[in-house]
Amino acid sequence: VQQDLKGEKMMIRMVLEESKAFFCVDCGKCTAVCPMAEMYPEFSQEMSPRGIIRQALLSDNILQNDCLWYCPGCHAGTRICPEGVSCRDLVAGLRKLAMEKYPESQALVCTRCGALVTTRPVLGYIHNHLGEKQNTISCLCPFCKRQVYMERNTI
Ligand code: SF4
Ligand code: SF4
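Since this is a predicted model, take the numbers as computed values, not measurements.

## Digging into the packing of aromatic side chains
Point 1. Within the structure shown, the criterion is met by 2 aromatic pairs.
Point 2. An angle of 90° between the planes, with centres 5.0 Å apart, marks the rings of Tyr40 and Tyr70 as edge-to-face. Within this pair, whereas Tyr40 is found in the loop between α3 (36-39) and α4 (49-58), its partner Tyr70 is found in the loop between α4 and α5 (76-80), the two being separated by 30 residues in sequence.
Point 3. Of the residues examined, Tyr40 reaches a relative accessible area of 6% and is grouped as buried.
Point 4. Given the relative accessible area of 15%, Tyr70 is considered buried.
Point 5. Summarising the aromatic geometry, the rings of Tyr40 and Tyr125 are spaced 6.2 Å apart at their centres and angled 65° between planes, so their arrangement reads as edge-to-face. Separated by 85 residues along the polypeptide, Tyr40 in the loop between α3 and α4 and Tyr125 in helix α7 (residues 120-130) bring together distant segments of the chain.
Point 6. These aromatic residues form a ring-pair network of at least three members: Tyr40, Tyr70 and Tyr125.

This is the structure we're talking about:
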C-alpha cells in the first residue's frame, strides 16, 4: 500500500511538472475566465482552476476529488496564465491517473475502446441545454464513431 501511494504521488508530481502547476502564483486570472462559473450553479472555489491547482499541490487525495470532473477542457485559463500554467493539461493528466486508479470515477468512457469521452458533470450540463435531444448522444469517442460509420457504409 505504501509503495502504491508513493507511486501515485510520483505520477501526480509528473502531471504537476508537465502542466507547470508549480509555477502558479495564485493570481486567479484563470478562474476569472473559466466558463465553469456560468455552467454550474454549484460552482465553487474548490472547482475552479485555481482551486484544483491548490488542491493538487497541497492535498493527498486529489485523484478522488469530485472537483476534477467539471472542467470542459477549454483553452481560456491556459491562454491567460502569466506563468504558463496549463489548467487544461493539469486536469486532463489528473483525470487519466484517476481513471487508472479509481474505475468508479466520474469518467464516461467510449463503449468500444475505453477512451475518455466526457464526464458525468459535463454531460449533465449538455443534457440540461439540449433537453429532448439528450437521448441521441452516444458514448463513443470520435475515433470509434468514425469506425462504426465506416463499417456501416463499407460494402
Ligand atoms: S492564472 Fe496561472 S498563475 Fe494565476 S492562478 Fe491561474 S494558474 Fe495560477
Ligand atoms: S481548462 Fe477547465 S479549468 Fe481551465 S479554464 Fe478551461 S474549463 Fe476552466
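## So, the site of ligand 2
Point 1. Looking at ligand 2, the residues that line it are Cys34, Pro35, Met36, Pro49, Cys71, Pro72, Cys74, Gly77, Cys87 and Arg88.
Point 2. Partitioned by chemical class, the residues of the shell around ligand 2 number 8 nonpolar, 1 polar and 1 charged.

## A closer look at the pairing of strand β2 (residues 116-119)
Point 1. Direction of pairing for strand β1 (residues 107-109) relative to β2: antiparallel, over a ladder of 3 bridges. Bridge pairing in β2 links Val109 to Leu116.
Point 2. Connecting the antiparallel pair β1 and β2 is a turn made up of 6 residues, with Gly114 showing a positive phi of about 85°.

## Let's talk about α4
Point 1. In terms of burial, α4 is largely enclosed, as 7 of its 10 residues are buried.
Point 2. The complete set of buried residues in α4 reads Pro49, Arg50, Gly51, Ile52, Ile53, Gln55 and Ala56.
Point 3. Turning to α4, the residues buried within the fold contact α1 (2-18), α2 (29-33), α3 and α6 (87-101).

## Some remarks on a nonpolar patch on the surface
Point 1. The grouping of Phe22, Leu57 and Leu58 at the surface amounts to a nonpolar patch, some 310 Å² of accessible area in total.
Point 2. Mapped onto the elements, Leu57 comes out in helix α4.

## Focus on the packing of α4 against α6
Point 1. Their axes nearest at 10 Å, the elements α4 and α6 cross at an angle of 55°. With respect to α6, the axis of α4 lies oblique. Relative to α6, the crossing made by α4 is left-handed. Across the interface between the two elements, Pro49, Ile52, Ile53 and Ala56 of α4 pack against Cys87, Leu90, Val91 and Leu94 of α6.

Parameters and conventions
Along each chain, residues carry numbers from 1 onward, in the same order as the chain's sequence is written. For naming, the first written chain is A and the first written ligand is 1, with later ones following in the order written. Residues qualify for local features only when their pLDDT is at least 70, as the model is predicted, and side-chain atom pairs are given and counted only at 80 or more; totals for whole chains, interfaces and linings, by contrast, use all residues. In computing side-chain values, all of the structure's heavy atoms are included and hydrogens and water are not. The aromatic pairing rule takes the rings of Phe, Tyr and Trp, using the six-membered ring of Trp, and pairs them if the centres are within 6.5 Å, calling planes under 30 degrees apart stacked, those over 60 edge-to-face and the rest tilted. By the criteria applied, helices consist of DSSP H or I runs no shorter than four residues and strands consist of E runs no shorter than two, each listed in order from the N terminus. Whether a residue is buried, partly exposed or exposed follows from its accessible area with a 1.4 Å probe, protein chains only, as a fraction of its type maximum: under 20%, in between, or over 50%, in that order. What makes a residue near a molecule or strand is one non-hydrogen atom of that residue sitting within 4 Å of it. Each residue gets one label: Ala, Val, Leu, Ile, Met, Phe, Trp, Tyr, Cys and Pro are nonpolar, Asp, Glu, Lys and Arg are charged, and the others, such as Gly, are polar. For two strands to pair, DSSP has to find at least two bridges joining them. The contact definition used throughout considers only heavy atoms, calling two residues in contact when any of these lie within 4.5 Å. To count toward a patch, a residue needs a relative accessible area over 30% and no salt bridge; like charges are then connected within 9 Å, while nonpolar side chains (Val, Leu, Ile, Met, Phe, Trp, Tyr) are connected within 5 Å. Note on areas: Shrake-Rupley with a 1.4 Å probe; residue coverage comes only from the protein chains shown. One speaks of a salt bridge when a side-chain nitrogen belonging to Lys or Arg is within 4 Å of a carboxyl oxygen belonging to Asp or Glu. Fitting a line to C-alpha atoms yields each axis, with helices limited to the stretch in contact; the angle taken between N-to-C directions then spans 0 to 180 degrees. Here roughly perpendicular refers to angles of 65 to 115 degrees, roughly parallel to angles under 35, roughly antiparallel to angles over 145, and oblique to all remaining angles. By definition, turning the near helix anticlockwise from the far helix through less than a right angle yields a left-handed crossing, and turning it clockwise yields a right-handed one.

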